[in-house]
Amino acid sequence: MEKLTAYINETLPELHDLIVTLCGIPAPSHHEEKRAEFCRDWLIRNGADPARVRIDPALNTVYEIPGETDEVVIFMAHTDTVFPDMEPLPYHEEGSRMCCPGVGDDTANLAVLLMLARYVTREGLRPHYTVVFAANSCEEGLGNLKGSRQLMADYGDRTVEVVSFDGYYSGIAGDAVGSTRYEVTVRTEGGHSFGSFGNRNAIHELSKIITELYQVQVPETPRTTYNVGVISGGTSVNTIAQEVKMLYEYRSESLDCQRAVKEQFEEILDRHRAQGLDIEVKVLGNRPCSGNIDRRRQQALIDEFSSIVLRHSGKEPTVNASSTDCNVPLSMGINAICLGVCLGGGAHTREEWIDRDSLPTGYAIAGEIVMRRF
């Protein structure tokens, strides 16, 4: 570990510069091509065997290091940001704050993943398990975990453990919150606001549906939630709206609770259809809950990672369930943990920032986790 500590201390300026460079490469979900290409080229420039680095059909950059066995451990950090911008996002610094949309979610984590992959390469380390470093796509929003799904399609039957670097080291996600997301479209005859007054207004009809959805009672334990996040539609102030849409989701750690909310959601829509309303429903995405994982081993991983964070940071991380790239392996019964490499705030806002002074600690945490697998 002394060699790794020296490497971390020596390369902190490079890590800073790499974060800044990555922040300048746009990567909305499903459009991570430029970051994927950068990661591939960066790994090869820094010693990775070109035959071992590839960009897969999901736009994951995958660097595979053969081990003594075919069983696989995956370290991943997602390349996409929640923001749709195809132009470089604005970066600046305020004191110790590195400020940029997406800088903590997940750019800093991605940079640390690359730096640790370089360390392993330079040292010529041969792992017991085959190790995969993956800069993966489509973690955010309607990316629907496409990158993680591709990795599990390629490696799932051989994978024994997944570590996703995402978020902050103040928390560990040790279980999966599943979710289902819908686009619901309501259509009516509409018409002129004066000449056709009395015709049904799609906005009004959707508002009645939303009111009923928000009367659904959900359990506090296991935590179950729902949300209408976007409403769009209508034509003009003097038009009775013919069409309106909403984006709706529900989430839970429990598959049974998700099923219960789904049943109530469908019952509400069916009641309004029975009144002659034209309602179209599209499933936009589904993130699975945890499956039949080895709970004893999962707890051992949580305890191990918590002790590493405590030793390096002086604070014990909170442990909770979350919606991350780990949802896919966890749903398949593969042990998986998600934690971050920095501290910061404003995630998923354009005011996002990370504390530069937290990077040495997070870098060391991630480094120890990786090296324990070699």
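Refer to the structure presented above.
Residues numbered from 1 in each chain as written. Predicted model: local features only at pLDDT ≥ 70, side-chain atom pairs only at ≥ 80, totals over all residues. Heavy atoms only, no water.

Counting secondary structure elements, the protein chain contains nine helices and 18 strands. Computed over the C-alpha atoms, the radius of gyration of the protein chain is 23 Å, within 12% of the 21 Å expected from 2.2 N^0.38 for a compact globule of 374 residues. Referenced to the eigenvectors of the C-alpha coordinate spread, the extents of the protein chain come out at roughly 80 × 45 × 40 Å. The buried share of the protein chain, reckoned over its 374 residues, is 52%. (Helix = DSSP H or I, 4+ residues; strand = E, 2+ residues; numbered from the N terminus. Rg over C-alpha atoms; globule rule 2.2 N^0.38 Å. Buried < 20%, exposed > 50% of the residue type's maximum accessible area, 1.4 Å probe, protein only.)

Turning next to the side chain of serine 179. Along the polypeptide, serine 179 turns up in strand β9 (residues 178-187). In this structure serine 179 comes out as buried when scored by relative accessible area, which is 1%. In contact with serine 179, not counting residues within four places along its chain, are Glu249, Tyr250, Arg251, Gln258, Gly285, Asn286 and Arg287. (Contact = heavy atoms within 4.5 Å.)

Of the volumes computed, that of the largest pocket is approximately 870 Å³. Every element with two or more residues in the lining of the largest pocket is listed here: α3 (103-123), β8 (171-176), β9, β11 (224-233), β13 (243-252), β14 (278-287), β15 (318-322) and β16 (336-339). Considering each element in turn, the lining of the largest pocket owes the most residues, four residues, to β13. (1 Å grid on protein atoms, 1.4 Å probe; cavity = no way out; pocket = protein on both sides within 12 Å on 5 of 7 lines; lining within 4 Å. Points joined across faces, edges and corners; volume = space filled by probe spheres on them.)

Before going further, it helps to spend a moment on the packing of helix α1 (residues 2-23) against helix α2 (residues 33-45). Two numbers describe how α1 lies on α2: the axes approach to 11 Å, and their chain directions differ by 150 degrees. Here α2 runs roughly antiparallel to α1, going by the angle between their axes. From α1, Leu18, Thr21, Leu22 and Cys23 reach across to α2, where they touch Arg35, Phe38 and Trp42. Here the residues of the contact of α1 with α2 sort into five nonpolar, one polar and one charged. (Axes fitted to C-alpha atoms, helices over the stretch in contact; angles between N-to-C directions. Parallel < 35°, antiparallel > 145°, perpendicular 65-115°, else oblique. Nonpolar A, V, L, I, M, F, W, Y, C, P; charged D, E, K, R; others polar.)

The next thing to look at is the side chain of arginine 35. Considering the arrangement of structural elements, one finds arginine 35 in helix α2. Among buried Asp, Glu, Lys and Arg side chains, arginine 35 stands out as unpaired, with aspartate 80 the closest opposite charge at 7.6 Å. Within the structure, arginine 35 has its side chain in polar contact with the backbone oxygen of threonine 79 (distance 3.1 Å). Once residues within four sequence positions are removed from consideration, arginine 35 is found in contact with Leu22, Cys23, Ile25, Pro26, Ala27, Thr79, Thr81, Thr107 and Leu110. (Lys, Arg positive; Asp, Glu negative; His and termini not counted. Salt bridge = Lys/Arg side-chain N within 4 Å of Asp/Glu carboxyl O. Polar contact = N/O pair within 3.5 Å; in protein donor to acceptor, adjacent residues only side chain to side chain.)

Before going further, it helps to examine the packing of α2 against α3. Between α2 and α3, whose axes approach to 10 Å, the crossing angle comes to 25 degrees. Overall, the two elements α2 and α3 adopt an arrangement that is roughly parallel. Along this stretch, α2 crosses α3, giving a crossing that reads as right-handed. Contacts from Arg35, Cys39, Trp42 and Leu43 of α2 reach α3 at Thr107, Leu110, Leu114, Met115, Ala117 and Arg118. In terms of residue class, the contact of α2 with α3 is made up of seven nonpolar, one polar and two charged. (Left-handed = near helix turned anticlockwise from the far one by under 90°.)

Before going further, it helps to spend a moment on the pairing of strand β6 (residues 130-136). Of all seven residues in β6, seven are buried, a share of seventy percent or more. Judged from the five bridges that link them, strand β2 (residues 61-65) and β6 form a sheet pairing that is antiparallel. Bridge pairing in β6 links glutamate 64 to valine 132. Across seven bridges, the pairing between strand β3 (residues 72-78) and β6 is parallel. If you follow valine 73 over to β6, its bridge partner there is valine 131. (Pairing = 2+ DSSP bridges.)

Spatial ordering of the open sheet is given by β11-β13-β9-β14, a layout of four strands whose pairing is antiparallel. Of all strands in the sheet, those bounded by a partner on one side alone are β11 and β14. Averaged over all pairs of adjacent strands, the angle between strand axes in this sheet comes to 20 degrees, irrespective of strand direction. Two strands pair when backbone bridges link them, and β11 and β13 are joined in this way by nine bridges, in the antiparallel orientation. Directly across from glycine 233, in β13, lies its bridge partner valine 244.

Now for the pairing of β16. Burial along β16 is two-sided: the face carrying Ala336 and Cys338 and the face carrying Ile337 and Leu339 are both buried. Across four bridges, the pairing between strand β7 (residues 159-165) and β16 is parallel. Residue pairing across strands places valine 162 opposite alanine 336, the latter belonging to β16.

Strand order in the open sheet formed by four strands is β4-β5-β18-β17, and the pairing between neighbours is antiparallel. Every interior strand has two partners, whereas the edge strands, β4 (92-94) and β17 (344-345), have only one. Where strand β5 (residues 97-99) meets strand β18 (residues 353-355), three bridges bridge the pair, whose relative direction is antiparallel. Residue pairing in the sheet places arginine 97 in a bridge with aspartate 355 of β18.

In terms of nonpolar packing, the biggest core is built from 62 residues, with Ile19, Phe75, Phe133, Phe165 and Leu339 touching the most fellow members. Counting residues per element, this core draws most heavily on α3, at twelve residues. Residues within four places of leucine 339 in sequence aside, it is in contact with Asn109, Val163, Ser164, Phe165, Asp166, Tyr168, Gly171, Ile172, Phe305, Val309, Ile365 and Ile369. (Core = buried A, V, L, I, M, F, W, Y, C linked by side-chain atoms within 4.5 Å.)

To continue, consider unusual backbone geometry. Between aspartate 105 and the following residue, aspartate 106, the backbone shows a cis peptide bond with an omega angle of 20 degrees. Here aspartate 106 lies in helix α3. With omega at -10 degrees, the peptide bond leading from threonine 221 into proline 222 counts as cis. Tracing the sequence through the fold places proline 222 in the loop between α5 (202-213) and β11. One non-glycine residue, histidine 30, adopts positive backbone phi at about 75 degrees. Positionally, histidine 30 belongs in the loop between α1 and α2. Assessed through its relative accessible area of 36%, histidine 30 is described here as partly exposed. Phi at cysteine 138 is positive, roughly 55 degrees, even though this residue is not glycine. Secondary-structure assignment places cysteine 138 in the loop between β6 and α4 (146-155).

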